[in-house]
Amino acid sequence: MQINEQKEKNLQKQLRREAINRNWKLFSQSKLGMIGLAIVTFFLFLALLQPVLFFTGLWSQGVYNPVVGYDRITETKLVVECPKEYPTPEYENYASCPGDGEVQKKMLYLAQGVEVGDMYEVYLQPAPPSIKHILGTDSLGRDVFSQIMEGSQVAFVLGLLSATLGVGISTILGTVAAFYGGRVDRYLMRQSDLVLMLPTLPLLFIISAFAELKIWHLAVVLGVIGGLGGSVITIKSQALQVKVKPFVDSARITGGSQRKIMFSHVLPNVAPLALLFMVFSVTGAIASESVLSFLGLLNIDMSWGLMIYLSQTDGFIFSGLEYWWLILPAGLSVTFLAGGFYLVGRGLDDVFNPRLRKR
Amino acid sequence: MIVVFFIFLVSSYLLFNAIPGNAFSNLLLNPNLPPDAYEKVLQTYGLDKPLFERVQLYVVNFFKGDFGYSYKYYPQTPIELIAERLPRTLMLFSVVNIISFYTGFFVGKVLAWRRGTKSETWITVTSVFSYTVFYPWFALMMLWFFGYKLGWFPIGKFLYPEKWYDAPFDSDIIFAMMIKFVVVISILQFIAYTVSRGIEALSIRRNIRFTSLVLIFIGSYFYWNTGEALARKPYAADIAYHMILPVLVVTIVAFAGTALLTRTTMMEVLKEDYILTARAKGISQKRIRDRHAARTALLPVVTSFIFTIVTIIDGSVLTEQIFSWPGMGQLLLQSVLNEDIPVAMAAFSFVGVFALLAHLIADISYSYLDPRIRIKSQG
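Owing to the predicted nature of the structure, the values given are computational and were not obtained by experimental measurement.

**A word on the overall build of chain A**
On a plain count of helices and strands, chain A comes out with 12 helices and 3 strands. Relative to the compact-globule value of 21 Å for 359 residues, chain A shows a C-alpha radius of gyration of 28 Å, a clear excess of over 25%. Dimensions of chain A, computed from the C-alpha atoms along their principal axes, are close to 95 × 45 × 40 Å. Of all 359 residues assigned to chain A, the portion counted as buried reaches 47%. Here chain A has roughly 19200 Å² of accessible surface; of this, 61% comes from carbon and sulfur atoms. Charged side chains in chain A number 30 positive and 27 negative. The centres of these two groups are separated by 24 Å.

**Topic: the packing of helix 7 (residues 215-228) of chain A against helix 8 (residues 230-243) of chain A**
Residues and elements named next belong to chain A. Contact geometry of helix 7 with helix 8 gives a least axis separation of 4 Å together with a crossing angle of 45 degrees. Between helix 7 and helix 8, the angle is such that the two are oblique. Here helix 7 contributes Gly226, Gly227 and Leu228 to the contact with helix 8, which in turn contributes Gly230, Ser231 and Val232. The residue makeup of the contact of helix 7 with helix 8, split by class, is 2 nonpolar, 4 polar and no charged.

**Things to note about the side chain of glutamate 320 of chain B**
All names here are of chain B. Considering the arrangement of structural elements, one finds glutamate 320 in helix 12 (residues 285-322). The side chain of glutamate 320 sits in the buried core without any salt bridge; arginine 85 is the nearest counter-charge, 6.9 Å away. At 2.7 Å, the side chain of glutamate 320 forms a polar contact with the backbone nitrogen of glycine 329. Aside from chain neighbours lying at most four places away, what touches glutamate 320 is Thr89, Phe93, Trp325, Gly327, Met328, Gly329 and Gln330.

**Considerations on the interface of chain A and chain B**
For interface size, the figure often reported is the accessible area lost on association. If you look at the interface, chain A gives 46 residues, while chain B gives 50 residues. Approximately 4400 Å² of surface area, both sides summed, lies buried where chain A meets chain B, with 80% of it carried by carbon and sulfur atoms. In this structure, the connection of chain A to chain B is made through 0 salt bridges. Along the contact surface separating chain A from chain B lie 2 residue pairs in polar contact (both at pLDDT 80 or more).

**Observations regarding the side chain of serine 303 of chain A**
Along the polypeptide, serine 303 of chain A turns up in the loop between helix 10 (258-294) and helix 11 (304-313). Since its relative accessible area comes to 0%, serine 303 of chain A is described here as buried.

**Here's the deal with helix 1 (residues 2-17) of chain B**
The terminal C-alpha atoms of helix 1 of chain B lie 23 Å apart, and with 16 residues this matches the ideal 22 Å at 1.5 Å per residue to within 8%. By the burial criterion, the buried members of helix 1 of chain B are Val4, Phe5, Phe8, Leu9, Ser12, Tyr13, Leu15 and Phe16 of chain B.

**Notes on the sheet that holds strand 1 (residues 74-80) of chain A**
Residue and element names in this part refer to chain A. Taken in spatial order, the 3 strands of this open sheet run 2-1-3, and their pairing is mixed. Of all the strands in the sheet, just strand 2 (102-104) and strand 3 (119-123) have a single pairing partner and so form its edges. Within the sheet, the average angular offset between the axes of one strand and its neighbour, ignoring direction, is 55 degrees. Here strand 1 runs beside strand 3; their pairing, made up of 5 bridges, is antiparallel. Pairing of lysine 77 across the sheet is with tyrosine 120, part of strand 3.

**Regarding the pattern of salt bridges**
Residues and elements named next belong to chain A. Taken as a whole, this structure holds 4 salt bridges over all chains when the rule is applied. Of the charged contacts, one joins arginine 252 and aspartate 249 as a salt bridge, the two residues approaching to 3.8 Å between their closest N and O atoms. Highlighted residues: arginine 252 and aspartate 249, both in helix 9 (residues 246-253), separated by 3 residues, approximately one helical turn.

**Considerations on the nonpolar core**
It is characteristic of soluble globular proteins that their nonpolar side chains tend to be buried jointly. Formed by 137 residues in total, the largest nonpolar core has its most connected members in Phe205 and Leu337 of chain A. If you count residues domain by domain, this core takes at least three from each of domain 1 (2-64) and domain 2 (78-378) of chain B. Aside from chain neighbours lying at most four places away, what touches phenylalanine 205 of chain A is Leu292, Leu295 and Leu297 of chain A together with Val317, Leu333 and Val336 of chain B.

Cut-offs applied
Residue positions within a chain follow its written sequence, with the count starting from 1. Each chain takes a letter, starting from A, and each ligand takes a number, starting from 1, following the order in which they are written. The model is predicted, so local features are restricted to residues of pLDDT at least 70 and side-chain atom pairs to those at 80 or more, both for listing and for counting; the totals for chains, interfaces and linings are taken over all residues. With hydrogens and water excluded, all non-hydrogen atoms of the structure serve as input to the side-chain values. Each helix is a run of H or I in the DSSP string that is no shorter than four residues. Each strand is a run of E no shorter than two, and both are numbered from the N terminus. All radius of gyration figures rest on C-alpha atoms, and the globule criterion is 2.2 Å times the number of residues raised to 0.38. Per-residue accessibility, obtained with a 1.4 Å probe over protein chains only, is compared with the maximum for each type, and a residue is labelled buried under 20%, exposed over 50%, and partly exposed between these values. Each accessible area is a Shrake-Rupley estimate made with a 1.4 Å probe; only the visible protein chains count as cover when residues are assessed. For this count, His and the chain ends are skipped, Lys and Arg are scored as positive, and Asp and Glu as negative. For charged residues, the charge sits on one atom: NZ in Lys, CZ in Arg, CG in Asp, CD in Glu. Geometry is summarised by axes, namely lines fitted to C-alpha atoms with helices restricted to the contacting stretch, and by angles between N-to-C directions that run from 0 to 180 degrees. Convention used here: angles under 35 degrees read as roughly parallel, angles over 145 as roughly antiparallel, angles from 65 to 115 as roughly perpendicular, and any remaining angle as oblique. Residue contacts are defined here by distance: any two heavy atoms, one from each residue, within 4.5 Å place the two residues in contact. Note on residue categories: nonpolar means Ala, Val, Leu, Ile, Met, Phe, Trp, Tyr, Cys or Pro, charged means Asp, Glu, Lys or Arg, and polar means any other residue, Gly included. Salt bridges are defined as contacts in which a side-chain nitrogen from Lys or Arg sits within 4 Å of a carboxyl oxygen from Asp or Glu. Here a polar contact is recorded for every N or O atom pair within 3.5 Å, except that within protein the pair must consist of a potential hydrogen donor and a potential acceptor, and residues adjacent in sequence are included only if both atoms are side-chain atoms. Computed with a 1.4 Å rolling probe, the buried area is the accessible surface lost when two parts are put together, summed over both parts. Given the number of residues in a helix, its expected span is that number minus one, multiplied by 1.5 Å. Strand pairing is assigned whenever DSSP identifies at least 2 bridges connecting the two strands. In this text, buried Ala, Val, Leu, Ile, Met, Phe, Trp, Tyr and Cys residues form a nonpolar core when linked through side-chain atoms within 4.5 Å. Domain start and stop points were drawn from an automatic or database domain assignment.

Right, here's the structure in full:
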């Protein structure tokens, strides 16, 4: 008896491993899915790298901390006084004074005893990329690369938490609706109608107006809204398809209880669809977080949306590409990570949706 | 549906009620608010009554259209504010919706048709990029590029105030007129399409459609150059000029969702047997694509499109904030930020009504588009 159980377990393990291998093979056939996976892995690596760097002491907290770090980067500049009228022999128009390596005298009103023609050491904030700061520093002298890493931690925590929560809720509710039918089903469908009707973003504004939203609060709110919404309907229809399959009938005939059938026969067959939903909802969660912190409605220390918010309020967004390290990395990170998850979802779609496979 | 709507109203009231420290009475301490407004607000919301009666009162007030006064723009009521701003939002987003739906559907169609080629991969990558791009950032970059660097389009706002100093009418009239114009044009176009749909011969159909398009153009030219419309033309042109950039940006972002969905459904349709039959009959490729496959694939796309109207309302908040387009979304955001509770409540409820109507239309159009449902419901 003991040996048989052991054998069965081994067989199950082997089957599972084979299934994973087969699915992986299918997944790796889709090029876009692999690109997405690479992007996600890259950001995961960034998110994990930062604590390692702090822990090993390669980065000191004082300089590289994404929120309170500060680095003083100085440059020696020539003190000049801009003329009242243009053009002069040195300056062509208003925009060309002060030129490269020069600083206006009236900007140094705090420094005493500085004359025109002196060399003076000024702080460079935001500082352009250098070896010490790969992506430069922001207007408060904080390292942008470190902020990007912190932002990817936030994005992963938020995305995975809210997606797991949302998909958990919607899978259970969808299966219950399909399984019990009748009044429960009708109630759940009306409920998801209501949630679908809610305009999410205004709702989040209102919630953030009276509650100080921290990152995990937001994850819970997004997860619940996502979990009660349209995905319940889709998962229900999938579960209905599974419910009428012969193996459910045979399980019922052999005396399986309702709950047993639901959890060990129906749920596993709905799971692939749920996983797909999860991957897609990560995209939505990341976007929502960035939008909210872009509008300054979230109570968090650092995120990609907040970085763009800061660069906008500091007035660098219209400086074009002169201060590109303040504008491009954060925006592209949001785009690429959301896109990466989306592409992974597309790849998984090819695996779980056999009708679309290339044959 | 009606039950859902009542639940929505009650829950939105409860949501506002949950604001700590009773935001209503807190804000009534505002010294800028005259005593009679204070009394009015107190009465309208029944603040001295228990919760249940307050909810009842709110629902009744909603149907009366009575939301008290705005705290910030004092003598105006929320309804007046909404009535002022709704046309602007409607104008912007009706145009965006139409354009993005057609481009999205067309691109998706072509994508599914060219499955496996190199151009398909490239278009897919582009649409995935524009589907997942961080919208505010993208809008700001476009604003910087087209508005600031190239200087083609104005940066924000929906009109040049200098032009409107001696205007004999306010902008809302022009907006109403432009909306009427757009609606009439699209109805005419739609009629032309439905009439010509029954005609089998491709060349005659194409000619009819082309003539109708030309006729509409000539008609609108005459309309804008006669009588009352002539005086209003420069102002309308000013608004239209300010609309180009927002429409462009939102379209680029919004078309991708439709395109990707069309691609998926279209690919499933192309596996069906009747496509094979059509091929075997020797029908031209374009005809199979447009009349056999795309028709069937249209159904889920239309449904999802109507569902995304809610998402578009969401997006309107951002668009209007970035382009400082003074519409409903901006009103909602500003009122929430200023804790102007009556306006926020009114705007939020209105957005809910909007979404509800969209769902209703979705249900109706679904049964119209899918003959199976229509026939089943008839008996």
